[in-house]
Structure formats: C-alpha cells, structure tokens
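So you can see what is in the structure, the chains are spelled out below.
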Amino acid sequence: MSTDVQHASEASAPDHGHDDGHASASFYVWIGVILAVVTGVEVAIFYIEAMDPYEAPILVILSAAKVILVIMYFMHLKMEPKFLTWVFMAGVVLATFMVSALVVLYHVLPAFGG
Amino acid sequence: MAQAAAAVDDHGHTTTGISNFKLGFWTFIASECLFFGTLISTYMVYKGRAVVGPYPAEIFDVLITTISTTVLLFSSLAMVLALHAVQLGRKKHAIMWLLAVIAMGGIFLGMEFNSYLKYIDYGLTLTSSTFGSSYYVLTGTHKVHVVLGMIWMAILIWLIARDRIPPAKSEQVEIAGLYWHFVDIIWIVIFTLIYLIQ
C-alpha cells in the first residue's frame, strides 16, 4: 500500500475508528463528557420533587446507560471477542439476580404480607 | 518446535484468540461483580431497617458525592487516554495521564473520607446500626479497591519511565485500565442505589 493510499484509508475511517481497533482520544473525551452530563441529569432528577414517582426507574436506567458506556468504550468490550462479553455478563447477570431476589424477598414480599 | 516458538511469540494466546492474562482478568472482574453484589445486597436488605439513627436522608450530602463521583468518572477518562498514549508510544503523555488518574483517585478518596468524618460526627459508625455497618463495609471495600488501583498505577508509571512497557506490551496498561474502570462502574452503581435512591 502506498503512503497516499494509506493516508486516504485513514482519512476515510470513522472518527472513533483507529488502525488498532481502538477509538481516538477525542472520542474518549466525548464519552467522558456524556458520562458527566448523565450524572448531572441524575442529580437533577433527585432534586426535582415532581419526578419522585418515577425517580427510581429513571435513575436505574440512566445508571445502567453509564455502566454500558464505560464497559463498551472505556473497557473496549465492544471491540473484544464476544466470548469476553459472555464471561463478564455471567457475573453481572448473577449479581443482578442476587440483588433483585433479596430486595424482593425482604422489601417487596413483606409489603404484600409474604 | 516451530509451534512452540509461535506459541511463545503469541504472548500466551489461547484457542479463543484471547490472551490468558486478559481472559483471566475478565473472569476476575465477573467474580468481583458477585463480590460487590453480596455487599450491595446486604445494604439493600438492611435499608430502612435501622432502629436507631442517623438515617441516610439525614446525613448524605448528595452534592459533595456528585462531585467526587464526577472526579472518579474523569479518572476513568484519564486512564483510557493513558492506554491510548502507551499504544501510540507517547511515554510522557502516558505518565502524565496515569499521574492524573492517581491524583483524581486521591481527590475522590479525600472527599469520601471527609464525608466519613462528618458521618462519624453525626453518630454513624461501623457499629452504631445495621445501616452504618452495611454502608461502611460496602463503601470501605470500594475505597480499598481504589487504593489498590492507585498503587497499580504508580507501578505502571515506574515501569513506563524505565521503558519496560513499549507499545507492544500495552496489554499491561489495558489490564490495569480494566480494573480501574471496573472500580468506576461499581461506584456508578453505589452512587445511584445508595445516594440517589434513598
């Protein structure tokens, strides 16, 4: 590949694409800014009383979005073989199930006389 | 013989195409999810069951914790930029970003320990109530992880400064980054479940 062709292929690559499969520095900065903005939105929701009835589900969704962004782009799981996603998800799913089951057992069922 | 040499050149890659080091570390992270899952479960189970105060709503300063959370989020950004610099062979940039990670980790710890001192003044200690016990064990375990991560970053700086981590060996920084980002993820979850959803 000549130098010109090489430059052309690099220029045509998307901004988040790099020749090593990882993203550019500016792309990571954008992800950092998005994470900070989402954190700001979470805190705003916490302080707005009108949001109280929907607070918990919205905060959980926003928190999950932040976790996914960090895992996919900062931890590069998006660029890794699918097998690593399965390894990681095994732990996440089991932990989520454990937390959810205990919350249901100790907080939800007693409210219904269970 | 040739196969053995190829295996050595391949830095321990397995039939999955993933290096043993990376596969092992992702498995460790998955196990850490369960470890923190048990601590979060314990906190959630005891939530609202403390018979003596102070209670979460009375003492938590969400604004201060938001600032420390944002600092930790940006330390993750510095970590990924450090890895980026190592991969590009930019030694000075890599050291600078890793120093930023340590500095932001230190700021996070400083702010959190300051909060601990305030909570202790309010009467919340490790033995004062089920809330105190589960809160300090969960967040304290997270802080131990942050300290270990900062020590790991300091070791990486030492290795990079001595040219022990060239771009070809950037996986060492990548693995440390996985650890640091995981610590960040755990705090994202703790921040939401403990401080915001009270």
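This one's a predicted model, so the numbers in the text were calculated from it and none came from an experiment.

Here is what the cut-offs are and how they apply
Residues numbered from 1 in each chain as written. Chains lettered and ligands numbered in written order. Predicted model: local features only at pLDDT ≥ 70, side-chain atom pairs only at ≥ 80, totals over all residues. Heavy atoms only, no water. Helix = DSSP H or I, 4+ residues; strand = E, 2+ residues; numbered from the N terminus. Phe/Tyr/Trp six-rings, centres within 6.5 Å; stacked < 30°, edge-to-face > 60°. Buried < 20%, exposed > 50% of the residue type's maximum accessible area, 1.4 Å probe, protein only. Expected span 1.5 Å × (residues − 1). Contact = heavy atoms within 4.5 Å. Buried area = accessible area lost by both parts, 1.4 Å probe. Salt bridge = Lys/Arg side-chain N within 4 Å of Asp/Glu carboxyl O. Polar contact = N/O pair within 3.5 Å; in protein donor to acceptor, adjacent residues only side chain to side chain.

Novice: I'm lost on unusual backbone geometry in this one. Help?
Specialist: All names here are of chain B. A cis geometry characterises the amide bond from Gly53 onward to Pro54, with omega recorded as 0°. Tracing the chain through its elements places Pro54 in the loop between helix H2 (20-46) and helix H3 (56-59). The phi angle at Asp163 is positive, at roughly 60°, despite the residue not being glycine. Here Asp163 lies in the loop between helix H6 (130-161) and helix H7 (171-196).

Novice: Would you take a moment to explain the packing of aromatic side chains for this structure?
Specialist: Any pair of aromatic rings gets described here by the distance separating the centres and the angle formed by the planes. Residues and elements named next belong to chain B. Across all of its chains, the model carries 25 aromatic pairs over all chains by this definition. Between Tyr116 and Tyr136, the ring centres sit 5.1 Å apart and the planes meet at 80°, which makes this aromatic pair edge-to-face. Here the residue Tyr116 occupies a position in helix H5 (residues 91-122), and Tyr136 occupies one in helix H6, the gap between them amounting to 20 residues. A residue is classified by how much of its surface remains accessible, and Tyr136, at 10% relative accessible area, is buried. Clustering of aromatic rings is evident, with ring pairs tying together Tyr43, Phe60, Phe108, Phe113, Tyr116, Tyr119, Phe131, Tyr135, Tyr136, Trp187, Phe191 and Tyr195.

Novice: Quick question: what am I supposed to make of helix H3 (residues 55-74) of chain A here?
Specialist: Quick reminder: α-helices carry 3.6 residues per turn. Residues three or four places apart thus point the same way. The end-to-end C-alpha separation of H3 of chain A is 27 Å, in line with the 28 Å expected for 20 residues at 1.5 Å each. Where H3 of chain A is concerned, the buried positions are Glu55, Leu59, Leu62, Ser63, Lys66, Val67, Leu69, Val70, Ile71, Tyr73 and Phe74 of chain A. As for H3 of chain A, its buried residues are in contact with helix H2 (25-47) and helix H4 (82-111) of chain A together with helix H4 (62-87) and H7 of chain B. Downstream of H3 of chain A by one or two residues, His76 of chain A has phi in the positive range, about 60°.

Novice: What should I look at first to understand the interface of chain A and chain B in this one?
Specialist: Accessible area lost upon the coming together of the parts serves often as the stated size of an interface. Listed by partner, the interface residues are 45 residues for chain A and 46 residues for chain B. Summing the contributions of chain A and of chain B, the shared interface buries around 3,900 Å²; its carbon and sulfur component is 80%. Taken as a group, Phe74, Met75 and Leu84 of chain A account for 14% of the area that chain A buries against chain B, more than any other trio of residues on that side. For Glu80 of chain A, the salt bridge is made with Lys22 of chain B, and the minimal N-O distance between the two is 2.8 Å. Viewed at the interface, chain B and chain A are joined by six residue pairs in polar contact (both at pLDDT 80 or more). Here the element with the most residues in the side of chain A that touches chain B is H4 of chain A; it accounts for 14 residues.

Novice: What exactly am I supposed to notice about the side chain of Thr66 of chain B here?
Specialist: By the secondary structure assignment, Thr66 of chain B is in helix H4. Those residues in contact with Thr66 of chain B, other than ones at most four positions away along the chain, are Thr39 and Val43 of chain A together with Phe191 of chain B.

Honestly, that's just the spatial picture; any functional story needs more than this.
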